[in-house]
Structure formats: structure tokens, C-alpha cells
Amino acid sequence: GRTTVLINCFWSIGVIFEAILGYLFLNTLGWRVFLVLSTLPGLSSIAFRFLVPESPRFLLVKGKVKNAELILRKVNRFNRGNPLKGFLVFRKPALDLVGSIKDLFANSILKTTLILWAIWFLISFSDWGMAFLLPIVVYKYTDSNMYLTSILIAISSFVGTICVSLVSEKAPRKFFMMAGFLLAAVVIAFVGFVQWWIWLLTLAILKSFITTFPWDI
């Protein structure tokens, strides 16, 4: 849903944060200090972990019915929903609900497994690969600042995520995913032919915006 998509905004925020850290400290204090500073947000997540409730489904799998019901009621109150009626009933043994890796290759879902693997490979290869490569390419062929280029690309990804959040609950997901892949492929192909750095930077920003759709949708 929309909330899940908006969570991905923090990836762009993290890239901007890292680029600013690199610009301020990497060339002055060295990469060791840069890595230490980069771990601080991650360490803070340990404290937030205790504030995040456990998944009700996971609790049910473990047989903790009362805890799962308590969390569902808290979520319902937070969302101002109608009072929940009844109570959860746990009938199956917990182990019957726990899957294994070999279940991914069952005949009934093997096709789905392979399709999802292909989709995630394409998304990761195109988005992560180009996200790391394009700032270096722009820096190599221009006099622009590599950190500023990374920030501009991350901002375009942030804007793309916001756009996806506006249509995520109504848009045909297969169409947006296929369109995103095709448009991203066209943009990446043009990157190999342009020479002027303005066009190169423009295509890098456009690519980051477009690949947000198959990634977040």
C-alpha cells in the first residue's frame, strides 16, 4: 500500500545523507571516520526495534495467540477502526504453518518463484548498478561534483517514490512495472551515446526517477 511505498523514501534520504557525509569528511578525515559516521543511523535503529511491534502472523505461527490478538487490537485502535469482535482461534500446530525453502520449488508455485526472482534481479541490476555507476560516469566526463550528482539522482528517486505513492493503490501494477523496465532500458541505452554532460546528468536523473516505479509499485 501507500505506507509501504513511502517507507522507501528513506532509501533516497539515506543516499543524500551519505553523499553529504562523503563531501564533508571523506577527503578530510579519511574513509575510516566516514564509515564510523555512516554506522550511527544504523545503530540508532536498535533502539527503535524495541518500539516496533512483532508481526501478528509470526506470533500466530509461534502459537502466541494472545500476543497476536493484543497487537491487532492496538493497530485497530490506532487506525480508529470499529471495535473488533470475537477472538483469534489457533487450530493448527505451529510447525504446520512454517514453510521451507524447498516449498518455493513446488510445482504449483515454481513458475511464480522464477518470475519473481527474474523481476528482482532486473530491478536490482538496473537500479543499484546504475545508481553506483552513473555518478562515476558523470564525474569522469565532466567537471561536476560526484557527491552533488549523487544527491540530484537521489532527489529524483525521492520524487519518483512520492509519485508512486499517489497511484500505488489504484494503478495497474503489471503495466507500471513493464513500462518502467522498458523506459529505463531506453534511457540507459541513450547513456552510452550522449557526450554532453548536461544530457548525461539529465538521463541519469530521469533513469533514477523511472526505475522507482517498478521498484516501489
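The preceding data block contains the structure.
Summarised in this report is the structure supplied together with it. Sequence positions are assigned chain by chain, starting from 1 and proceeding in written order. Only residues with pLDDT of 70 or above have their local features reported here, since the model is predicted, and side-chain atom pairs are shown and tallied only from 80 upward, although totals for entire chains, interfaces and linings are computed over all residues. Note that water and hydrogens are dropped before the side-chain values are worked out from all heavy atoms of the structure.

**Side note on helix α2 (residues 9–29)**
Note the following rule: Helix and strand assignments follow DSSP, with helices taken as H or I runs no shorter than four residues and strands as E runs no shorter than two, numbered in order from the N terminus. To estimate how far a helix should reach, multiply one less than its number of residues by 1.5 Å. Bend angle per residue: angle between axes fitted to the 7 residues ending at that residue and the 7 residues starting there. Here's how the labels work: a residue is buried when its accessible area is under 20% of the maximum for its type, exposed when over 50%, partly exposed in between, all with a 1.4 Å probe on protein chains only.
With 21 residues, α2 ought to run about 30 Å at 1.5 Å a step, and its terminal C-alpha atoms sit 29 Å apart, in line with that. Considering bend angle alone, the principal kink of α2 is centred on G22 and spans about 40°. Residues of α2 that are buried: C9, S12, A19, L21 and G22. Downstream of α2 by a residue or two, G30 has a phi angle that is positive, lying close to 95°.

**With respect to the nonpolar core**
Heads up, the rule is: Take the buried Ala, Val, Leu, Ile, Met, Phe, Trp, Tyr and Cys residues and link them wherever side-chain atoms come within 4.5 Å; each set so joined is a nonpolar core. Contacts are assigned to residue pairs with any non-hydrogen atoms lying within 4.5 Å of each other.
M130, L134, V137, I153, A184, V187, V191, L200, L203, A204 and I210 together form the largest nonpolar core, which totals 11 residues. Going through the elements one at a time, α6 (110–141), α8 (173–191) and α9 (197–216) are the ones with two or more residues in this core. Counting residues per element, this core draws most heavily on α9, which supplies four residues. Residues contacting L203, with those up to four places away along its chain left out, are V187, F190, V191 and V194.

**As for the pattern of salt bridges**
Pairing between side chains of opposite charge can happen when their charged atoms approach one another. Note the cut-off: By convention in these notes, a salt bridge is any Lys or Arg side-chain nitrogen within 4 Å of a carboxyl oxygen on Asp or Glu.
Taken as a whole and judged by the stated rule, the model has one salt bridge. Taking the shortest distance from any N to any O, the salt bridge between R73 and E69 comes out at 3.2 Å. Taken as a pair, R73 and E69 lie in helix α5 (residues 65–78) at a separation of four residues, close to a single helical turn. Note on R73: relative accessible area 25%, which makes it partly exposed.

**Notes on the layout of surface pockets**
We count it as follows: A cavity here means a set of 1 Å grid points, computed over protein atoms only, where a 1.4 Å probe fits but cannot escape. A pocket is an open set with protein on both sides within 12 Å along at least 5 of 7 lines, and lining residues have an atom within 4 Å of a point. Grid points are joined across faces, edges and corners, and a volume is the space filled by probe spheres set on the points. Residue type decides the class: Asp, Glu, Lys and Arg count as charged, Ala, Val, Leu, Ile, Met, Phe, Trp, Tyr, Cys and Pro as nonpolar, and the leftover types, Gly among them, as polar.
Space inside the largest pocket adds up to approximately 480 Å³. If you trace the largest pocket, you find 18 residues lining it, with V15, E18, A131, F132 and S150 closest to the centre. Those elements giving two or more residues to the lining of the largest pocket turn out to be α2, α6 and α7 (146–167). Of the residues contributing to the lining of the largest pocket, the split by class is 14 nonpolar, three polar and one charged. A volume near 170 Å³ is recorded for the second largest pocket. Of all the elements in the fold, those that place two or more residues in the lining of the second largest pocket are α2 and α3 (31–49). Along the lines of polarity and charge, the residues of the lining of the second largest pocket split into three nonpolar, two polar and one charged.

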